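Structural overview
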Amino acid sequence: MSGNEWESHWSDFYEASQVNPAGAFRLRLLVHWLDRTVRPASRFLDLGSGVGDLVSAACARYPGASVRGIELSATGVDIARRRAPSAELLQRDLTEPDEPPPSWSNWADVAVCSEVLEHVDDPLLLLSNAKRFLAPACRVFVTVPGGPMSEFDRHIGHRRHYSRQDLGALLEDAGFRVEQCDAVGLPAFNLYRLMVIARGRKLVRDAAAGQTASGSLARVAGKAFDAMFRLNPPLRRGGWQITASASIAS
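The present account deals with the structure reproduced in this document. (Residues numbered from 1 in each chain as written. Predicted model: local features only at pLDDT ≥ 70, side-chain atom pairs only at ≥ 80, totals over all residues. Heavy atoms only, no water.)

The subject of this paragraph is the overall build of the protein. Each helix and strand counted, the protein has 11 helices and 7 strands in total. Each of the 250 residues in the protein was classed as buried or not, and the buried ones make up 52%. With the model as given, the accessible surface of the protein reaches about 11500 Å², and the carbon-plus-sulfur share is 54%. (Helix = DSSP H or I, 4+ residues; strand = E, 2+ residues; numbered from the N terminus. Buried < 20%, exposed > 50% of the residue type's maximum accessible area, 1.4 Å probe, protein only. Areas by Shrake-Rupley, 256 points an atom, 1.4 Å probe, with all protein chains shown as cover.)

An α-helical segment advances 3.6 residues per turn. Residues three or four places apart therefore align on the same side. The set of residues buried in helix H3 (residues 53-61) consists of Leu54, Val55, Ser56, Ala58 and Cys59. The inward-facing, buried residues of H3 contact helix H2 (21-35), strand E1 (43-47), strand E2 (66-71), helix H4 (74-83) and strand E4 (108-114). (Contact = heavy atoms within 4.5 Å.)

Counting residues in hydrophobic clusters, the biggest one holds 34 residues, and the most contacted among them are Leu45, Leu117, Leu134, Leu167 and Phe176. At the level of secondary structure, the elements contributing two or more residues to this core comprise E1, E4, helix H5 (123-130), strand E5 (134-145), helix H7 (164-173), strand E6 (176-184) and strand E7 (241-248). The leading source of residues in this core is E5, at 5 residues. Apart from the residues lying within four places of it in its own chain, the contact partners of leucine 167 are Leu117, Val142, Val144, Tyr162, Cys181, Ile242, Thr243 and Ala244. Listed in part, the 21 residues of the second largest apolar core include Val31, Val38, Val77 and Ala87. (Core = buried A, V, L, I, M, F, W, Y, C linked by side-chain atoms within 4.5 Å.)

Here 7 strands make up an open sheet; going across it, the order is E3-E2-E1-E4-E5-E7-E6 and the pairing mixed. One side of each edge strand has no neighbouring strand; the edge strands of this open sheet are strand E3 (88-91) and E6. Going across the sheet, the axis of each strand differs from the next one's by a mean of 15 degrees, ignoring polarity. Note: E4 against E5, 6 bridges, orientation parallel. Across the sheet, residue alanine 111 finds its bridge partner in E5, namely valine 140. Sitting on the sheet, H7 is in contact with E5, E6 and E7, with an inclination near 165 degrees to E6. (Pairing = 2+ DSSP bridges. Axes fitted to C-alpha atoms, helices over the stretch in contact; angles between N-to-C directions.)

Moving on, we get to the packing of aromatic side chains. One pass over the structure, following the stated rule, counts 8 aromatic pairs. Considering the side-chain rings of tryptophan 104 and phenylalanine 133, the 6.4 Å spacing of their centres and the 85 degrees angle between planes classify their relative orientation as edge-to-face. Remark: phenylalanine 133 occurs in the loop between H5 and E5 and tryptophan 104 occurs in the loop between E3 and E4; sequence separation between them is 29 residues. The same class applies to tryptophan 104 and to phenylalanine 133, which are both buried. Measuring from ring centre to ring centre gives 6.1 Å for phenylalanine 189 and phenylalanine 229, while their planes differ by 45 degrees; the resulting arrangement is tilted. A residue pair is termed long-range when its members are at least 10 positions apart, and phenylalanine 189 in helix H8 (residues 188-199) and phenylalanine 229 in helix H11 (residues 216-231) qualify at 40 residues. The pair phenylalanine 189 / phenylalanine 229 is uniform in exposure class, with both members buried. Here the aromatic cluster, defined as three or more aromatic residues joined through ring pairs, consists of Phe25, Phe189, Tyr192, Phe225 and Phe229. Geometry around tryptophan 107 places arginine 68 over its ring, the cationic atom sitting 4.2 Å from the centre. Lysine 131 extends its terminal NZ or CZ atom over the ring of phenylalanine 176, reaching a point 5.6 Å from the ring centre. (Phe/Tyr/Trp six-rings, centres within 6.5 Å; stacked < 30°, edge-to-face > 60°. Lys NZ or Arg CZ within 6 Å of the ring centre and 35° of its normal.)

Right, let's get into the pairing of E5. Burial analysis of E5 places 9 of its 12 residues in the buried class, the great majority of the element. What joins E4 to E5 is H5, and the crossover it makes is right-handed. The sheet contact formed by E5 and E7 spans 7 bridges and is antiparallel. Of the residues in E7, the one forming a bridge with valine 142 is alanine 244. (Right-handed = clockwise from strand over helix to strand, strands pointing away.)

Let us now look at H8. Along its 12 residues, H8 runs 17 Å from first to last C-alpha, staying within 8% of the 16 Å computed at 1.5 Å per residue. Listing the buried residues of H8 in full gives Ala188, Phe189, Asn190, Tyr192, Arg193 and Val196. Looking one or two places after H8, you find glycine 200, whose phi comes out positive at around 55 degrees. (Expected span 1.5 Å × (residues − 1).)

Moving on to the side chain of threonine 143. Structurally, threonine 143 can be placed in strand E5. On the basis of relative accessible area, threonine 143 is assigned to the buried category, the value being 0%. Only 2.6 Å separates the side chain of threonine 143 from the side chain of glutamate 115, close enough to count as a polar contact. (Polar contact = N/O pair within 3.5 Å; in protein donor to acceptor, adjacent residues only side chain to side chain.)

Let us now look at unusual backbone geometry. The omega angle of the peptide bond from leucine 186 to proline 187 is 5 degrees, so this bond is cis rather than trans. For proline 187, the position within the fold is in the loop between E6 and H8. Its identity is not glycine, yet asparagine 106 carries a phi of approximately 50 degrees, on the positive side. When you line up the elements, asparagine 106 lands in the loop between E3 and E4.

Shown next as C-alpha cells:
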C-alpha cells in the first residue's frame, strides 16, 4: 500500500477495526508475549503501530517502560497520539532507506511488528531498514496472516500470506535469530477467517460503511467469535495466525 492508500484505509476502516474480534485476539497474543519480555526500564517499539492499539495498551500496562511507535499513515499517527499521549510516534515509511533520527537509532530493546509484512512488496527491505531502530540485543515478536486470502485482504493491500517456514526463513535472511515460530488459532481463528472469505466483497462494502460495527448481527457474531478465541486451545500448529519470536543475530 502507498501512503495515500493507508490514509484512506484508516479513514474508511478505523471503526470496523475496533470491533474486529481477530484484532482483539491478536492483541492478546502480543500482550502475552510482552508480559514475558518487557522489564520496568524497557524501550518498546511498535513497528507499524497503526492507530495505536498496542502502544496505548503498552503505555497503560507497563508504566515504567518507554513506548514508541513508527507508522506510515499520518491518519494512524494522529489517532494513536490521541489514544496514547505518553507514547512517542514517528511517521516513517520503513521501505525507504532514510536514517533514523539520532534519538531513535539503535533504541529499542523490545519490538513488535504485527500485520505489516504482508502489505509490502519487499518485506526483507522493510526488516533491514527497521533494524536500524533496534538495539543489538533487541527481542522481536512478529505476526503475519496465514491461510488463503479473502477479498477484504486483497482490498486492504495484502501482497501475500505466510507459512511458519516462510516467516522463519524471512527473519533469518534479515539477520534475526528465530527462537520460535508458530501457527496459532486452530480451530476458532480458522473458522473466523473462513467466514471472512465467504463474505467476499460484501464485507469490504459493509466495513467501509461502518455496518460491521453497528449491525446487530455483526455485533452478535463478533462477541461469539471473541468468546471462541478466548476458549481456543493453545495449539501451535495448523492455525492461520502465524507468529514468531526472534532476536538480532550476533
